[in-house]
Amino acid sequence: VIDGPIGAAFLAGRTEEADASLRSAIAHAGAGQQDKRGVVHLVGAGPGDPDLLTLRALHVLQSADIVFYDELVSPEILDRARRDAEQVFVGKRKGQPGIGQDSINRQLAEAAMAGRIVVRLKGGDPFIFGRGGEELDYLQKAGIAVMIVPGITAALGCAAEAGLPLTFRGEATRLCFVTANAADGPQSVDWSLLGDPKTSVVVYMGLSSSAMVRDGLIDAGRDRETPVAVLARGTRPDSQAAVGRLRDLPALAATIGEGPALLVIGDVVARSEPWRIAARQIEVAA
Ligand code: SAH
């Protein structure tokens, strides 16, 4: 203070001026504090295995005052949050409607405006079929700082676990992530774009629409014998895989107990571990 203009005024004997300046500076510092909004970290929690959290996700999680999480986030991951952090479930329980995106948006904004460090934990990556874009949009419009921490999306976690190379030189030169959420209706996917045999297709939220996926891809020109996999609860202790041919996709999906699950369609599926195990079993039986 002594080095600045207030100090100069004081030393020069202009005490009233110095006093007024000091009061104003203090008032502004206070106002600055009140304006200080918290931050929302939009964090990808990966596909389930806590070892697949990024170091940054872990770091941010341990700094959070409050954590909003959904149904895809495993308890082992929530365990990594600070003991005194508040944990708020904002997902959907089986058979029950969720609390709604508007309500989630508002709760995130309110917590941040109260000056708290907010973590919004989402399964996989926040920007892959996770409505992270909508939350980012809402928070930015509300003037709240948002930091994004990427996560390992389900397709990458499940493919790694299954030893399934999603691209392969000369065999799969394109990779497509699509959602076949029944709620959006079958028209929501333009299957004609996916007829190319060198495209690996990973379908999110497609377990209950497997017949539609099969028909769409066959109509688009995919061979009915194309190898497919249904990968359920990937990277979790109870993960499950079923492999077969595109024509049989609904039958394969029916063997899966519970989601979340991905459908993977493409010749590269024949390189995966579950495929090699199934092929060996057929050989032994024959
Ligand atoms: N943001 C998430 C996806 C959310 S959409 C991500 O990047 O992974 C929810 C869908 O993701 C599920 O219906 C399922 O298709 C897929 N999914 C998420 N976790 C999964 C897992 N552990 N194993 C298989 N599929 C999973």
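Throughout what follows, the structure given in this document is the object of discussion. (Residues numbered from 1 in each chain as written. Predicted model: local features only at pLDDT ≥ 70, side-chain atom pairs only at ≥ 80, totals over all residues. Heavy atoms only, no water.)

1. Examining the overall build of the protein
Argument step 1. Scanning the protein for helices and strands turns up 10 helices and 10 strands.
Argument step 2. The C-alpha radius of gyration computed for the protein amounts to 26 Å, which surpasses the reference 19 Å derived for 286 residues by more than 25%, pointing to a less compact arrangement than a globule.
Argument step 3. When its C-alpha atoms are laid out on the principal axes, the protein stretches across 100 × 40 × 35 Å.
Argument step 4. Here the protein holds 286 residues, and 42% of them are scored as buried.
Argument step 5. The contacts in the protein between residues at least 6 apart in sequence include a share of 68% that link residues at least 24 apart. (Helix = DSSP H or I, 4+ residues; strand = E, 2+ residues; numbered from the N terminus. Rg over C-alpha atoms; globule rule 2.2 N^0.38 Å. Buried < 20%, exposed > 50% of the residue type's maximum accessible area, 1.4 Å probe, protein only. Contact = heavy atoms within 4.5 Å.)

2. Some words on the site of the ligand
Argument step 1. Near the ligand you find 19 residues, and of these Asp125, Ile128, Thr153, Ala154 and Ala261 are the closest.
Argument step 2. In the environment of the ligand, a nitrogen atom lies 2.9 Å from a nitrogen or oxygen atom belonging to the backbone of proline 47.
Argument step 3. One nitrogen or oxygen atom from the main chain of isoleucine 128 is found 2.7 Å from a nitrogen atom belonging to the ligand.
Argument step 4. Coverage of the ligand by the protein amounts to 92% of the 550 Å² it exposes when considered alone.
Argument step 5. Put simply, the parts of the chain that give the shell around the ligand at least two residues each are helix 7 (154–161) and strand 10 (261–265). (Near = heavy atom within 4 Å. Polar contact = N/O pair within 3.5 Å; in protein donor to acceptor, adjacent residues only side chain to side chain. Areas by Shrake-Rupley, 256 points an atom, 1.4 Å probe, with all protein chains shown as cover.)

3. A look at the side chain of arginine 120
Argument step 1. Note on placement: arginine 120 falls in strand 4 (residues 117–122).
Argument step 2. Within the structure, the side chain of arginine 120 is placed 3.0 Å from the side chain of glutamate 135, a separation counted as a polar contact.

4. Regarding the sheet that holds strand 6 (residues 174–179)
Argument step 1. An order of 6-7-10-8-9 is seen for the 5 strands of this open sheet, with the pairing classed as mixed. The open sheet is flanked by strand 6 and strand 9 (240–245), the only strands paired with a single partner. Across this sheet, the average inter-strand angle for adjacent strands is 15°, counted without regard to direction.
Argument step 2. In terms of strand pairing, strand 6 meets strand 7 (residues 199–204) through 6 bridges, oriented parallel. (Pairing = 2+ DSSP bridges. Axes fitted to C-alpha atoms, helices over the stretch in contact; angles between N-to-C directions.)

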